[in-house]
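Okay, here's what each chain looks like letter by letter:
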Amino acid sequence: MKKLFLLPICMLSMHAFAQQVLNFPQERRLGCATELGKYMPNQQKVDTTTTRGMADNYLLWDNGETLLIKFMPGGSPTLRSKVMQYAKEWEKYANLTLKFVEDNYAGNTNIRIKLGTGEGHYSKLGTNSNLVPQSQHTLSLDTIDFVDLKYYQQDANNGGPVITALRSRGARLDQVKTWLDYLYLVAQIQPLRWNEDELRGTTQHEIGHAIGLMHEQSYPGAIKWNKADSVYAWYKKTQGWERSDVDYQVFRVNDQFYSNGTAYDPRSIMQYPIASWQTMDGFSVPGNNLISEGDKRIISALYPKGKAVSDKEVPRINISNLKPLMVSADNTRGGFSIVPSFDLKTNSKLGKVYFVARVYSVENDRLYAVTTQSETYNIGGICGAAYLMNLQPNSNVSYNKGTRNMELFIPFSAIPAVGDKQVAIIFDVFLIDNNNGNMSKQMYSSVSNKLSMPRK
Ligand SMILES: [Zn+2]
């Protein structure tokens, strides 16, 4: 969208103009925000992803699967075809088909790419993309980072063809304050010129997340971060991240399990660039814009060609086609009736899941602790209800689609006195993997509308 300028007009020389627009931030794709990124729709209330790693085996797609990918409205045909080309490079190493469908494709898609400006780069991790409503994107690419700024800087400095063309058409260059505004003018007269390295690197990094890869800097022991205020301040300045974002996106360390037996790979496309002043030992990593040999090895181990199932396979569940969480106050039975609706698919390994509903205080912004010693309606000290499901391998079950086949119920009497204050119900699905030290993975989390407790 074009911006309106209310600033006083000042005439600038060509050089001064280039200098002025040069002030646009130059540090790019330093971070992309996965999962809990502030722009991500369906933000999870509870972060249990701290044990998630370089590749999250629990969020992988089926080996050999065809993923349907769609562009959200926006992005020129040239830009789209480049993104498509770079994304599909993963197909050489992963036994996955990345199939781009037309904009008017009416069926469900797995990954939806938004090409735009102002939101940064991010993607849902692996099958978590299925949790995003079909009307929303699952992956964002901020196209401002892909423009060949060097070319336009030189052109502006040297009175090159682009700025000459703009001047001859009477463009109001005196009113241009940022690169974005300048590029908007350029885009009016010709397709933008792209920086292929940035475009390829960022696209492949984000698609890497979409097929289950996590940041390589989260490899245990890989980076001795200097967690000084200056580092936090730098991420605030360049990415707009709060301290908690930096802790999550940059400093987080994952369990060794998720390395899938690989060694730390500083050349990984999933590694952030790191400046030496940000580490205790002066370690640094340049920006990587190519899928590394290490990336090729891990992705082909996770999605092997010529093999039905990866050796790294864990029990996986895939939740999709969610409807908004239905919770109602049932005054006849005296409690909250929780009726979640979704499809749940399992892979070839048998898994167990817990469906958990917990009571959350809207006013106090916290879960309700139980006040009795009773085991019933006590979920690890939090007031709620749960039940355990043993799932058959290779099954596909629909919950509460047409027929009501699953309900969690929490009696009002089990909820500590809250007077007439509002509560909400948080519904989670946890996968229990008995083969991996009873690992518990939160696969889904949803918060109900605000509910009122009946007056006593
Ligand atoms: Zn990332």
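Quick caveat, the model's predicted, so the values are computed rather than measured. (Residues numbered from 1 in each chain as written. Predicted model: local features only at pLDDT ≥ 70, side-chain atom pairs only at ≥ 80, totals over all residues.)

Could you give me a rundown of the overall build of the protein, with the residues and numbers involved?
Assigned secondary structure in the protein consists of 9 helices and 18 strands. Relative to its full complement of 456 residues, the protein shows a buried share of 36%. Across the protein, contacts joining residues at least 24 apart in sequence account for 78% of those joining residues at least 6 apart. (Helix = DSSP H or I, 4+ residues; strand = E, 2+ residues; numbered from the N terminus. Buried ≥ 20, exposed ≤ 12 C-beta atoms within 10 Å, placed from the backbone. Contact = placed C-beta atoms within 7 Å.)

Can you explain the pairing of strand β2 (residues 97-100)? Please cite residues and give values.
As paired strands, strand β1 (residues 66-71) and β2 are joined by 4 bridges and run parallel to one another. The residue of β2 that forms the bridge with L67 is L98. Note on the crossover from β1 through helix α2 (residues 77-87) to β2: the handedness is right-handed. (Pairing = 2+ DSSP bridges. Right-handed = clockwise from strand over helix to strand, strands pointing away.)

Just give me the short version of helix α3 (residues 149-158), but keep the residues and values in it.
Buried residues of α3: L149, Y152, D155 and A156, and no others. Take α3 and look down its axis: the buried residues cluster within an arc of 125°, on one side only. (Arc of directions from axis to C-beta.)

So what's going on with the sheet that holds strand β6 (residues 317-320)? Which residues, and what values?
What holds strands together in a sheet is hydrogen bonding between their backbones, with the strands either parallel or antiparallel. In space, the 3 strands of this open sheet follow the order β6-β9-β14, with antiparallel pairing throughout. With partners counted over all chains shown, the strands left at the sheet margins are β6 and β14 (396-399), one partner each. Going from strand to strand, the sheet's axes swing by 20° on average, the running direction of each strand aside. Summarising the sheet, strand β9 (residues 342-346) and β14 pair through 4 bridges and their orientation is antiparallel. (Axes fitted to C-alpha atoms, helices over the stretch in contact; angles between N-to-C directions.)

So what's going on with the packing of α3 against helix α4 (residues 161-168)? Residues and values would help.
Two elements in contact, α3 and α4, have axes separated by 7 Å at closest approach and are oriented at 60°. For the element pair α3 / α4, the angle class is oblique. Every residue of α4 that contacts α3 at Y152, D155 and A156 is listed here: P161, V162 and I163. Classifying every residue of the contact of α3 with α4 by side-chain character gives 5 nonpolar, no polar and 1 charged. (Parallel < 35°, antiparallel > 145°, perpendicular 65-115°, else oblique. Nonpolar A, V, L, I, M, F, W, Y, C, P; charged D, E, K, R; others polar.)

Hey, could you go over the sheet that holds strand β5 (residues 139-142) for me, with residue numbers and the actual values?
Pairing in this open sheet of 5 strands is mixed, and the strands run β2-β1-β3-β5-β4 from one edge to the other. In this open sheet, the two edge strands, each paired with only one partner strand, are β2 and β4 (122-123). Relative to β5, strand β3 (residues 111-116) runs parallel, the two being bridged by 4 bridges. Bridge pairing in β5 places I113 opposite L139. Contacting β3, β4 and β5, helix α6 (residues 196-210) runs over the sheet at an angle of about 170° to β5.

Outline the nonpolar core, listing residues and values.
Core analysis: the largest hydrophobic core is formed by 75 residues, its most contacted members being I113, I211, I319, A357, I410 and I425. No fewer than three residues from each of domain 1 (49-144 + 196-302) and domain 2 (317-452) sit in this core. Each residue touching I410, except ones within four places of it in the same chain, is listed here: G335, F336, A357, V359, Y377, G384, A385 and I415. With 14 residues, the next largest nonpolar core counts Y152, I163, V176 and W179 among its residues. (Core = buried A, V, L, I, M, F, W, Y, C linked by C-beta atoms within 7 Å. Domains from an automatic or database assignment.)

Which residues make up unusual backbone geometry, and what are the values?
The backbone of N260 shows a phi angle near 55°, a positive value even though the residue is not glycine. For N260, the location among the structural elements is in the loop between α8 (243-251) and α9 (293-302). You can call N260 partly exposed: it has 17 C-beta atoms within 10 Å. Residue N400 is not a glycine yet carries a positive backbone phi of 55°. Take N400: it is sitting in the loop between β14 and β15 (408-411). Overall, N400 belongs to the partly exposed group, with 15 C-beta atoms counted inside 10 Å.

Describe the packing of α2 against α6, naming the residues involved and giving the relevant values.
Look at α2 against α6: their axes get within 9 Å of each other, and the N-to-C directions meet at 60°. By the angle between their directions, the pair α2 and α6 is classed as oblique. In this structure, α2 meets α6 at a crossing whose hand is right-handed. Residue-level contacts link K82, V83, Y86 and A87 of α2 to L199, R200, T203, Q204 and I207 of α6. Classifying every residue of the contact of α2 with α6 gives 5 nonpolar, 2 polar and 2 charged. (Left-handed = near helix turned anticlockwise from the far one by under 90°.)

Which residues make up the environment of N104, and what are the values?
Mapping N104 onto the fold places it in the loop between β2 and β3. Separated by 33 residues in the primary sequence, N104 and F71 have C-alpha atoms spaced 10.0 Å apart.

Could you give an account of the pairing of β1, naming the residues involved and the relevant values?
Bridge analysis of β1 against β3 gives 3 bridges, and the strand direction is parallel. By the bridge assignment for β3, K70 is matched with R112.

An account of the confidence of the model for the protein is needed here, citing residue identities and associated values.
Per-residue pLDDT for the protein averages 83, and the proportion of residues at 70 or more is 87%. When the criterion is pLDDT under 50, residues 1-30 qualifies, and its contacts beyond four places in sequence or with other chains add up to 43 contacts. (pLDDT = per-residue confidence, 0-100.)

How would you summarise the environment of I223 if you had to cite specific residues and measurements?
Summarising the element assignment, I223 is placed in the loop between α6 and α7 (229-239). In sequence terms I223 and F251 are 28 residues apart; their C-alpha atoms lie 8.5 Å from each other. Among all residues touching I223, those that are not within four sequence positions of it are Q217, I274, T279 and F283.

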